[in-house]
Amino acid sequence: MKRMQPLVLVVALLAAMPALAQDKPAELKVGITTFLTGAASVFGVPGKAAAEILIEELNAQGGIGGVKLVPTFIDEGIGGDKMLSEYRRLVQEQGVKVMLSAISSGNCNIVAPVAEDLKVLNVLWDCGTEKLLEAKRYQYVVRTQANATTEMVATVVYLLRHRPDFKTVAVVNQDYAWGRDSWEIFLNTLRAFKPDVKVVAEMFPKLGASDFSTEISRLQALKPDVVLNTSWGGDLDTFVRQASQRGLLKQGATFVLPLAESSLERLGAALPEGVIVGARGEHYWLHPETRDDAKHKDFIAKFRAKTNAYPIYPTYHMAQALVGLKTGYEAAIAANGGKWPGPEQVAAAMRKMEFKAYGRTVKMREDGQGLEDQLLGLTRKVPEHPFMVMDKMLLVPAGLVTTPVGQQSTDWVKTLQPTLLQHADLKTYNHR
């Protein structure tokens, strides 16, 4: 056998090594997509502010595995095509290994298959569409918070516990993936408990609409018992303000706004008492279980100092994404004998971990979906604040309201039983 030259031998040995082995980088480049412009910037910008606070803290503590994070932000407000072009550029030209993307469910649907092609770890840090991880099993894509099913089933549970005797319902949702998907899950869940409920209106105004006069007039004429609106950001704020000006919110219907925790401070007196609001998880600066936690209070103080506002659910989702990322990397490093892991190893580790940011523990599943408990409540006016707070709060464990691995949400929610409404693990709290 011919003897190999030393250089050839080294090359051959390197080629035989597992592809996952990587040298420890000088820095960990992280791309983050969030809305910095447009109607959704009202919580995309707070999400960025939270990322800056948390990454600064993380780096001051040594980063991840001794490697500091260097973030680059992409504005989702530039549109899906341009955002995807920037996404590719960060990965292919700047060597970004981790992407936190995205807020919009439509954008998450776009980036997930691209992350697979580019072999880059993508943490779905805020989007809610449940179909993404149910329709396909991804290797590089994980979500560190709940999906639409968890959120909508918990919302129905709260509604039926609060007002079980209603007969009619109407919806005003944004016309895109999240608006359509959340309504489908909500309605299928509702019909599992109340098969005789009547839908009197289904309205899907354009994403980013500035005039809801048609929808408001129709609701005033139809007088439904319940009105669902899962809109977010500027769309939700505009709808509530216009509905308030025309007296719709005091007409007698129960308004259900599952994403309105993020709008409480901005809406002020425009939002009346008695509206059901959700926190897209159990995120709330007055969280009944963590409001006095020292780390949580420190985050609130730093966020207020930076933004002059209280943190809202996207800031907590960002915290979960970064804590989850750190936890996943540390687990992968340990499993890799202390060596720096590849994105495949980190993604695999994240599917087996539990982690905690400023709320309850999040448990990750094998399909990449995070199990995140849900918090809902009724708006209440208190003298301490010029905006509504949440009262009569309900904490719903994720395990009770999340589609099991391998099943489809549209089918699973139809199997729900009335006993869920009185489950012993449902916890109630009043504002204090």
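Residues numbered from 1 in each chain as written. Predicted model: local features only at pLDDT ≥ 70, side-chain atom pairs only at ≥ 80, totals over all residues. Heavy atoms only, no water.

A.B. asks: Would you explain helix 4 (residues 105-118) in this entry?
C.D. replies: The end-to-end C-alpha separation of helix 4 is 20 Å, in line with the 20 Å expected for 14 residues at 1.5 Å each. Listed in full, the buried residues belonging to helix 4 are Ser-105, Asn-107, Cys-108, Val-111, Ala-112, Val-114, Ala-115, Glu-116 and Leu-118. Looking at the buried residues of helix 4, the elements they touch are helix 3 (80-94), strand 4 (121-124), helix 5 (131-135), strand 5 (141-143) and helix 7 (177-193). For helix 4, the N-terminal cap is Ser-104; the gap from its side-chain oxygen to the backbone nitrogen of Gly-106 is 3.1 Å. Lys-119 sits one or two positions beyond helix 4 and adopts a positive phi of about 55°. (Helix = DSSP H or I, 4+ residues; strand = E, 2+ residues; numbered from the N terminus. Expected span 1.5 Å × (residues − 1). Buried < 20%, exposed > 50% of the residue type's maximum accessible area, 1.4 Å probe, protein only. Contact = heavy atoms within 4.5 Å. Polar contact = N/O pair within 3.5 Å; in protein donor to acceptor, adjacent residues only side chain to side chain.)

A.B. asks: Even after reading the chapter, I still don't get the pairing of strand 9 (residues 254-257), so can you show me in this structure?
C.D. replies: A regular strand carries its side chains on alternate faces of the sheet. Judged by which residues are buried, strand 9 turns out to be covered on both faces: Thr-254 and Val-256 on one side and Phe-255 and Leu-257 on the other are all buried. In this sheet, strand 9 lies alongside strand 8 (residues 226-228) in parallel orientation, the contact comprising 3 bridges. Paired with Val-226 across the strands is Thr-254, a residue of strand 9. Assessed by its sense of winding, the connection that carries the chain from strand 8 through helix 9 (residues 233-245) to strand 9 is right-handed. (Pairing = 2+ DSSP bridges. Right-handed = clockwise from strand over helix to strand, strands pointing away.)

A.B. asks: Just checking my understanding: could you explain the packing of helix 2 (residues 41-60) against helix 11 (residues 294-307) for this structure?
C.D. replies: Geometry of a packed helix pair, given as the angle between the helix axes and the separation of the axes. Put simply, helix 2 and helix 11 touch, their axes get as near as 10 Å, and they point 120° apart. One finds that helix 2 runs oblique with respect to helix 11. Between helix 2 and helix 11 lies a crossing of right-handed hand. Across the interface between the two elements, Pro-46, Ala-49, Ala-50, Glu-52, Ile-53, Leu-54 and Glu-57 from helix 2 touch Asp-298, Phe-299, Lys-302, Phe-303, Lys-306 and Thr-307 from helix 11. (Axes fitted to C-alpha atoms, helices over the stretch in contact; angles between N-to-C directions. Parallel < 35°, antiparallel > 145°, perpendicular 65-115°, else oblique. Left-handed = near helix turned anticlockwise from the far one by under 90°.)

A.B. asks: What am I meant to see in the side chain of His-317 here?
C.D. replies: Looking at the secondary structure, you find His-317 in helix 12 (residues 313-335). A polar contact is formed between the side chain of His-317 and the side chain of Asp-126, at a distance of 2.6 Å. Excluding residues that lie within four positions of it along the chain, His-317 makes contacts with Trp-125, Asp-126, Gln-145, Arg-280, His-283 and Glu-372.

A.B. asks: Explain the sheet that holds strand 1 (residues 27-34) here, please?
C.D. replies: Paired through their backbone hydrogen bonds, the strands of a sheet run either parallel or antiparallel. Taken together, 5 strands build an open sheet; the order of strands is 2-1-3-4-5 and the sheet is parallel. Of all the strands in the sheet, just strand 2 (68-75) and strand 5 have a single pairing partner and so form its edges. For this sheet the average axis-to-axis angle between neighbouring strands, irrespective of direction, equals 25°. Here strand 1 runs beside strand 2; their pairing, made up of 8 bridges, is parallel. Residue Thr-34 lies in a different strand from strand 2, and its bridge partner there is Asp-75. Helix 2 contacts strand 1 and strand 2 of the sheet and is inclined by roughly 170° relative to strand 2. Along the sheet, helix 3 makes contact with strand 1, strand 2, strand 3 (98-100) and strand 4, crossing strand 2 at roughly 150°.

A.B. asks: Would you mind showing me how to read the nonpolar core here?
C.D. replies: Burial of nonpolar side chains together is a common tendency in soluble globular proteins. Ranked by size, the top nonpolar core spans 124 residues in total, and within it Leu-28, Leu-100, Phe-186 and Trp-232 carry the most contacts. Per element, the largest residue contribution to this core is 10 residues, and it comes from helix 12. Beyond its immediate chain neighbours, meaning those up to four positions away, Phe-186 contacts Met-152, Thr-155, Val-156, Leu-159, Val-169 and Leu-228. Judged by nonpolar contacts, the second largest core, of 22 residues, contains Ala-112, Val-114, Val-120 and Cys-127. (Core = buried A, V, L, I, M, F, W, Y, C linked by side-chain atoms within 4.5 Å.)

A.B. asks: Looking at this structure, how should I read helix 8 (residues 213-222)?
C.D. replies: Because each turn of an α-helix spans 3.6 residues, side chains separated by three or four positions in sequence point in the same direction. Taken residue by residue, helix 8 has Glu-215, Ile-216, Leu-219 and Gln-220 as its buried positions. End-on, the buried residues of helix 8 take up no more than an arc of 135°, which puts them together on one face. Every exposed residue of helix 8 that faces more than 90 degrees away from the buried side is listed here: Thr-214 and Ala-221. Next to the buried residues of helix 8 lie strand 6 (168-172), strand 7 (198-203), strand 8 and helix 9. Just beyond helix 8, the residue with positive phi is Lys-223, at close to 50°. (Arc of directions from axis to C-beta.)

A.B. asks: How should I be thinking about the packing of aromatic side chains in this particular structure?
C.D. replies: Here the distance between the centres and the angle between the planes together describe a pair of aromatic rings. Under the definition given, this model contains 14 aromatic pairs. Note on Phe-43 and Tyr-313: the rings are 5.6 Å apart at their centroids and 50° apart in plane angle, and the pair reads as tilted. Residue Phe-43 is found in helix 2, and its partner Tyr-313 is found in helix 12; the two are separated by 270 residues along the sequence. The two residues Phe-43 and Tyr-313 agree in class, both being buried. With 5.8 Å between their ring centres and 65° between their planes, Phe-299 and Tyr-316 make a pair best called edge-to-face. On the criterion of sequence distance, the pair formed by Phe-299 in helix 11 and Tyr-316 in helix 12 is long-range, its members being 17 residues apart. The same class applies to Phe-299 as to Tyr-316, namely buried. Through a chain of ring-to-ring contacts, the aromatic side chains of Phe-35, Phe-43, Tyr-176, Trp-232 and Tyr-313 assemble into a single cluster. Directly above the ring of Phe-166 sits Lys-194, whose terminal nitrogen or CZ lies 5.0 Å from the centroid. A cation over a ring is seen here: Arg-304 above Tyr-310, with NZ or CZ 4.0 Å from the ring centre. (Phe/Tyr/Trp six-rings, centres within 6.5 Å; stacked < 30°, edge-to-face > 60°. Lys NZ or Arg CZ within 6 Å of the ring centre and 35° of its normal.)

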